[in-house]
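Examination of the molecular architecture
Read off the chains here:
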Amino acid sequence: MNRRLETRPGEWIDRDEPLKFSFEGKEYTGFSGDTITSALWASGERILGRSFKYHRPRGILSLSNHDVNILVTDMEDTNIRADVVNVKEGMRLLAVNTSGGVKKDKKRWLDRLSAFMPVGFYYKAFHSPRKLFPFWENVIRKSAGLGEVNFNYPRTIKTKYHEHCDLLIVGAGTAGLSAALHAAKCGIGITLVDENRQAGGSLTYDCAGDQESKTVLRNLLDEIKHHPNITLLTGVYAAGYYTDHYIPLVREDGITNMRAKAVVIATGAYEQPPVFRNNDLPGVMLGTAAQRLIHRYSVRPFDVGVVFTANDQGYRVALDLLEAGVEVAALVDLRKKAASPLADKLLQLNIRILKGYCIYEAIPTGDHEGVKEVVICPFDESSGKPDTGDLVTIACDGIAMCAGWAPAAALLYQAGVSMRYDNTVNQFVPNKLPKGVFAAGKVNGRFDLESRLKDGQRAASEVLSMLSETSIKVVSEPHEGNTPSHTFPFVPHPKAKNFIDFDEDIQLKDFINAAQEGFDNIELMKRFTTVGMGPSQGKHSNMNAIRILAKIRDLPVEKIGSTTARPFFHPTPIGHLAGRTFHPHRLTSLHDWHQTAQADFIAVGAWLRPAYYSIAGLSRDDAIIQEVLSVRQAVGMIDVGTLGKIEVHGPDSALFLERFYTGGFANQKIGSTRYALALDEAGVILDDGIVARLADDLFYLTASTSNSAMVYREMQRWQQKWQLDIGLVNVTGYYGAINVAGVAARKVLSKLCKASLSEQDFSFGSIIETVIAEVPARIIRVGFVSELAYEIHVASQDALTVWVALMEAGEPEKIRPFGVEAQRILRLEMGHSICGHDTDGLTNPLEAGLMFAVKPDKPFFIGQRSLQIIRKAPIRKSLVPFLLDHQDGMETPKECNLVIAQGDIAGRVTSIAFSPTLKQAIGLAYVSPELAIQGGSFLIRTDNGSLVKAIVAQTPFVTSQIGDSKK
Amino acid sequence: MPLRLLKYAFSKEHPDPAFFTQPDSLKHSYDAVIIGGGGHGLAAAYYLAKDHGITNVAVLEKGYLGGGNTGRNTTIVRSNYLTPEGVKFYDTSVRLFQELSEDLNLNLFYSTRGHFTLAHTESAMRTMRWRAEVNKHVGVESYVVGPDDILKACPQIDISCGGNAPILGALYHAPGSIARHDAVAWGYARGAYQRGVDIFQSTEVWDIKTSGGKVVGLNTSRGFIATNKVLSAVAGFTPRITDMLGIRTPIVIQPLQACVTEPMKPWLDTILVSGSLHVYVSQSSRGELVMGASLDPYELHSTRSTLDFVEGLSGHILDMFPFLSNVKVVRQWAGMADMTPDFAPIMGKTPIEGFYLDAGWGTWGFKATPVSGKTMAETIAKDQAPELIHSFRLSRFEDYELTGEKGAASVGH
Ligand SMILES: Cc1cc2nc3c(=O)[nH]c(=O)nc-3n(C[C@H](O)[C@H](O)[C@H](O)COP(=O)(O)OP(=O)(O)OC[C@H]3O[C@@H](n4cnc5c(N)ncnc54)[C@H](O)[C@@H]3O)c2cc1C
């Protein structure tokens, strides 16, 4: 059956571009501009989907992105909203969540069993006996969910823009357009968005059989076009409102995050269905859905229709239906008294108007594919009861439903607007608006064309005065005349199937039962019945749920309140939200060199560092051993440009460091360095590093690679409080750093450096400023990985020059670069712990054996007070060096294996490695105090559960090789 | 079809009585008053009545039952913590949870799915081993697994995470589960109500009255109640209650956010957590992916959502599951997490006699609902905290005896 109308002015389809596609294996044609639903409906299809719980047949409800019973898949993408997604040539579509097709869905028997599945039934069964629950759970999981996910769907990259504007108007309907035009006169920058493909809102379809609204629209759009400062974006929805007018605008190909000075919400209202038995049959649709079909897609909603209305909107819909050639068998008006201004027009056309009547039920056709007839009867509005003594049947194949509206107020709720229930429009309207947020049009309770236009201007004038633009104050009068929304459009029926929530198949009685079970406030009711929890988020059900609850509890609607509308306005794709993702990491200026030298990189904090340099023919472990041995036997060097580097200058520099670190710096000599330990207020170790004094008022310090950002942040934070006379400069990126270590380090370095490196002139712990390979440098005598080692700090851009010069100068000594892995072994051989590796979030310096770095009687340092308290209590654990008592076939413990004593946890291994120098496994472990006895032993439990003996040792594990280099 | 459902089809009236009804007014006095009708408060009421026969009890909830963090959490239940004390405590909770549907005669959809904490770095692997070792020691089923085991349980995951953060392994925790959060609150409420406990919703506690260092009563929006025992189980509102008594705690409030996708057919059978990517995800029995991330990095007493959160989370989810690009997020929300410095709760007695605290549940308290209810009920009944919660006492902060769970809790929930 073809339901396509003759070409109509303003239609959204392009008749010159017919399209072929298939649905459920059958071929169809539509036009470019058709949505999947409109094309199928035009072709005479009725069952487009199945409901979620009972698998009832479903057709069009709203045709406005809320028809979540009609989700389809093209096998690429799932849960495609057929009511708004355009059909494309060659699409092969299936309905989701059916078994065996939408018509012959094998699960349709569930509808018959609905009596066994009242509200919340799943809470009351399946759990006992416990053993059977996994079985039932599996059944339930499989029947839940909608579409199947396509695991081959590509990672799409969507654009993300960030923009600003003076005024963002959401909704280009009557009020939005009018607001834009009014505000534009003052020349401010306006962005106007609408989720529909064309602007105009209800002006595009709510015509009441004449041309007035389309003429108004044409004029508005003409004017908009001539305003260069209005940007009109269609096919774009505002997905949510976030603090300070931050609003993501979602397009098909990405998101624009808009920050606006002011926002006008002109999002209109959702039409609400009246509730009667079988109000979900295909062919029963909202009046506005029928209007959309007619005016946008030129599709006849049905041949013979009944309009069921509880407001004046039904009269407008009836006129539109008539104009489209639909036979209107009757207009059933729930209201006995209210007179619609359009009633006369219908009567002149001989349309039967039944006032004070309801549709008692819709009767399905034999194949349950649609409506065969409706049963109507008188309705008593005060008691809310149908008079079933007087049933009349009217044949029809469709019903248009008009019972009222719910404001599309999600963005307002998110903006923190408080709403009040207005008894003239019987709807929630904004009560108090936060600064910069405005509402206009239906969402603000203005329904007539004139008052919507006016309300848009009123909102714009308020925006302008907020933005301090001069403007004439416009006032818009509140609604007058018949209320647009009925207070209780519910027709009870003993056999139920009068649906309130179409997403979740919730019927009128479910609410009554939920209340009986004690879930009688709106939030609990929502959670127990799941009303509004489906993909359309209650756009057509929340308001009715509130009305029912008010009735049940015999309270006014405003006392019931409403549930919170959280983002998103429409479900928003993960790929859109993600946009391009960034995985920032930092590289040192030597990175390319490392790469050429076959380095294998690992991430350390934000940095990529060479783990080791691979050598053809050598395993990873062997390569690392070679690196270690080259330092111990000759010389090696490592890129330590990743260290945090901070300069502190100013008269209070020493004082600042005295407070920040645990040690003493006031009397530190220029040209010397000190080990520095930082604690938090609880006395827990944060980081360690080296502080060098370059002048009275200038210190240069290092922090460990992974903690450097934190250290700098903490320094700044404390400086905010202390307000000392200092400056802090993070020079981490400015300086490169190279550590040359090993017995031959001095020999290599002296070739490039003019300064004397002799033990007297440049002893352990001093810093010199000199020139190396013609590059100015700061060199520190350090001892982390080897007793003899130099840390050379040069400007990043010079690091490569120095590195290459060192490689050349070290050639005779067989100098070798080494990576983080060798560094870890080397420092362990030296007995040094690493912050964050050998300490955790609770370690204090007593436990870590770092009290040598603490000057407890200073006037103040961070963590001092805590440390004083901790020192009074017995120590609970100590970090001790250990050697493994090696036996053949023994499993070597790993880091984080536990120390076990008397069957209980007595500590943990934090570092362990095979020392190539000692040819033995060495490590560090926390043990309880009684085990921390030099020469004593303890047991470590390995992964496989065996206990391995460890002997408490002394550090450094590797003793001096500095002797030979002293020569 | 279970037989239990037959009664619905064959009775004319809806056969189920009310879970709970509210008395018209407060009594003048109660043996104990519980502030907060979240899971914890209701569970404490239930066990007070059930285990200790104390039923002259009122639960006062300023909003609706379960409307705080109980109804906002992502329901991960697990016991793979880091300290032996923590592991024992949460393990007790897991065991109570396993029997809870039958105990409360309400299907809580307690669903054991297995829990993987993914490690993308060597240092994360170390922490996994640490946790596994402690768990094993206490008798909890956790072990370190490699990428192959992860792929076996979740073949859809991109183990290299788009090359950005390759997964090196994971801590696998077999008992890891999810449940229906609301049902837990309702089940405990019903159980308490049936045993005579009074439950008041829309009833706010304004002040707690003391005399000589002892609790004597409370002022509420429904009037004054005399009582000598008050339990505060208000999670994100804890500082407001402790301020009434001048009790100092180190608790700060930070927002924690979450979101869900539209429902899809089941495909994700396990619970996945990634510390490096700051995300975790499971699929609910409704078919939605329930996803969350780390705490918002600042203090704020608010349940507002941010775009930043969902953008960041989306990127990271796509690192693991690139094919979700066009799956849609339906809803996002936030709760207020009551954070402690050591990521362990604060439970037990306080310097004020008769005032008991159940707080510091941060991002991890849902799983502890049963055990906290049970142990707090015992604490109130005997005026002494059981050994199981000794490590969580408020005085541990003064004593510098923290129970460091940060390594097991950051995104872990
Ligand atoms: C997004 C998110 C995800 C989470 N995910 C997990 C997870 O996966 N696993 C996990 O174990 N935990 C998780 N948590 C933590 C968990 O939700 C909470 O720790 C737990 O629910 C706390 O329960 P409660 O009963 O103590 O508090 P709540 O449920 O918050 O209840 C406290 C109640 O006290 C009421 N109240 C406050 N002040 C007053 C007053 N003055 N008078 C009367 N009543 C008052 C409040 O209205 C509230 O209802 C998550 C939390 C969030 C926010």
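Everything numeric in this text was worked out from a predicted model, so none of it was measured.

1. Re the overall build of chain A
From N to C terminus, chain A includes 24 helices and 49 strands. Over its C-alpha trace chain A gives a radius of gyration of 39 Å, far above what one expects of a compact globule, namely 30 Å for 967 residues. For chain A, the spread of C-alpha atoms along the principal axes amounts to about 120 × 75 × 60 Å. Out of the 967 residues in chain A, the part that is buried amounts to 54%. If you take every contact in chain A between residues at least 6 apart in sequence, the share linking residues at least 24 apart comes to 66%.

2. Topic: the interface of chain A and chain B
Contact residues are listed per partner, giving 77 residues for chain A and 72 residues for chain B. Note: strand β30 (residues 572–573) of chain A against strand β17 (residues 328–339) of chain B, 2 bridges, orientation antiparallel. Its bridge partner lying in β17(B), Thr572(A) is registered against Val329(B).

3. Here we look at the site of the ligand
Residues and elements named next belong to chain B. Taken together, 40 residues surround the ligand, and among them Gly38, Gly68, Asn73, Gly335 and Gly365 come closest. Secondary-structure elements contributing two or more residues to the shell around the ligand are α2 (39–52), β13 (252–261) and β17. Across the shell around the ligand, the residue classes break down as 14 nonpolar, 21 polar and 5 charged. Residue contributions to the shell around the ligand reach at least three from each of two domains, namely domain 1 (26–73 + 182–250 + 342–409) and domain 2 (112–177 + 252–339).

4. As for helix α5 (residues 287–297) of chain A
Residues and elements named next belong to chain A. With 11 of its 11 residues buried, α5 lies for the most part within the structure. Restricting attention to buried positions, one finds in α5 the residues Gly287, Thr288, Ala289, Ala290, Gln291, Arg292, Leu293, Ile294, His295, Arg296 and Tyr297. Of the surrounding secondary structure, the elements contacted by the buried residues of α5 are α1 (36–42), β14 (269–272), β15 (284–286), β16 (304–309), α6 (313–323) and β23 (398–402). Phi for Ser298, located one or two positions after α5, is positive at around 55°.

5. Some remarks on the domain arrangement of chain B
All names here are of chain B. Domain assignment breaks chain B into domain 1 (26–73 + 182–250 + 342–409) and domain 2 (112–177 + 252–339). One C-alpha centre belongs to domain 1, the other to domain 2, and the line joining them spans 29 Å. Of the residues lining the interface, 14 residues belong to domain 1; the matching set on domain 2 comes to 12 residues. Every element with two or more residues in the side of domain 1 that touches domain 2 is listed here: α7 (238–245) and α11 (406–409).

6. With respect to the pairing of strand β26 (residues 427–432) of chain A
All names here are of chain A. Here strand β25 (residues 418–422) pairs with β26 via 5 bridges, running antiparallel. Bridge pairing in β26 links Ser418 to Lys432. Counting the residues between successive antiparallel strands, the hairpin from β25 to β26 contains 4 residues, one of them, Asn426, with a positive phi of roughly 50°.

7. What about the sheet that holds strand β17 (residues 327–333) of chain A?
Residues and elements named next belong to chain A. What the 5 strands build is an open sheet, ordered β15-β23-β16-β17-β18; its pairing is parallel. Either end of the sheet is taken by a strand with one partner, and the two such strands are β15 and β18 (353–355). Each neighbouring strand pair of the sheet contributes to a mean axis angle of 20°, computed without reference to strand direction. Pairing between β15 and β23: 3 bridges, direction parallel. Considered in β23, the bridge of Met285 is made with Ala400. Its contacts with the sheet place α5 against β15, β16 and β23, and it is angled at close to 90° to β15.

8. Some words on the packing of helix α3 (residues 174–184) of chain A against helix α4 (residues 212–225) of chain A
Residue and element names in this part refer to chain A. Here α3 crosses α4 at 35°, and the two axes come no closer than 10 Å. Classified by chirality, the crossing of α4 by α3 is left-handed. Contacts from Leu177, Ala180 and Leu181 in α3 reach Leu220, Glu223 and Ile224 in α4. For the contact of α3 with α4, a count of residues per class yields 5 nonpolar, no polar and 1 charged.

9. Here's the deal with the pairing of strand β6 (residues 169–173) of chain B
All names here are of chain B. With respect to burial, β6 is a largely interior element, 5 of its 5 residues being buried. Of the two faces of β6, both are covered, the one formed by Gly169, Leu171 and His173 as well as the one formed by Ala170 and Tyr172. Note that strand β4 (residues 115–119) and β6 share 5 bridges and pair antiparallel. Paired with Leu118 across the strands is Ala170, a residue of β6. Across 4 bridges, strand β5 (residues 142–145) lies against β6 in antiparallel orientation. The residue of β6 that forms the bridge with Tyr143 is Tyr172.

10. Looking at the sheet that holds strand β11 (residues 223–226) of chain B
Residue and element names in this part refer to chain B. Ordered in space as β9-β10-β11, the 3 strands form an open sheet in which the pairing is antiparallel. Among the strands making up the open sheet, the edge pair consists of β9 (205–211) and β11. Averaged over all neighbouring strand pairs, the angle between strand axes comes to 25°, with direction disregarded. Pairing of strand β10 (residues 214–220) with β11, which is carried by 4 bridges, proceeds in the antiparallel orientation. Among the inter-strand pairings, Leu218 is bridged to a residue of β11, identified as Ile225.

The rules we used
Residues numbered from 1 in each chain as written. Chains lettered and ligands numbered in written order. Predicted model: local features only at pLDDT ≥ 70, side-chain atom pairs only at ≥ 80, totals over all residues. Helix = DSSP H or I, 4+ residues; strand = E, 2+ residues; numbered from the N terminus. Rg over C-alpha atoms; globule rule 2.2 N^0.38 Å. Buried ≥ 20, exposed ≤ 12 C-beta atoms within 10 Å, placed from the backbone. Contact = placed C-beta atoms within 7 Å. Pairing = 2+ DSSP bridges. Near = placed C-beta within 6 Å. Nonpolar A, V, L, I, M, F, W, Y, C, P; charged D, E, K, R; others polar. Domains from an automatic or database assignment. Axes fitted to C-alpha atoms, helices over the stretch in contact; angles between N-to-C directions. Left-handed = near helix turned anticlockwise from the far one by under 90°.

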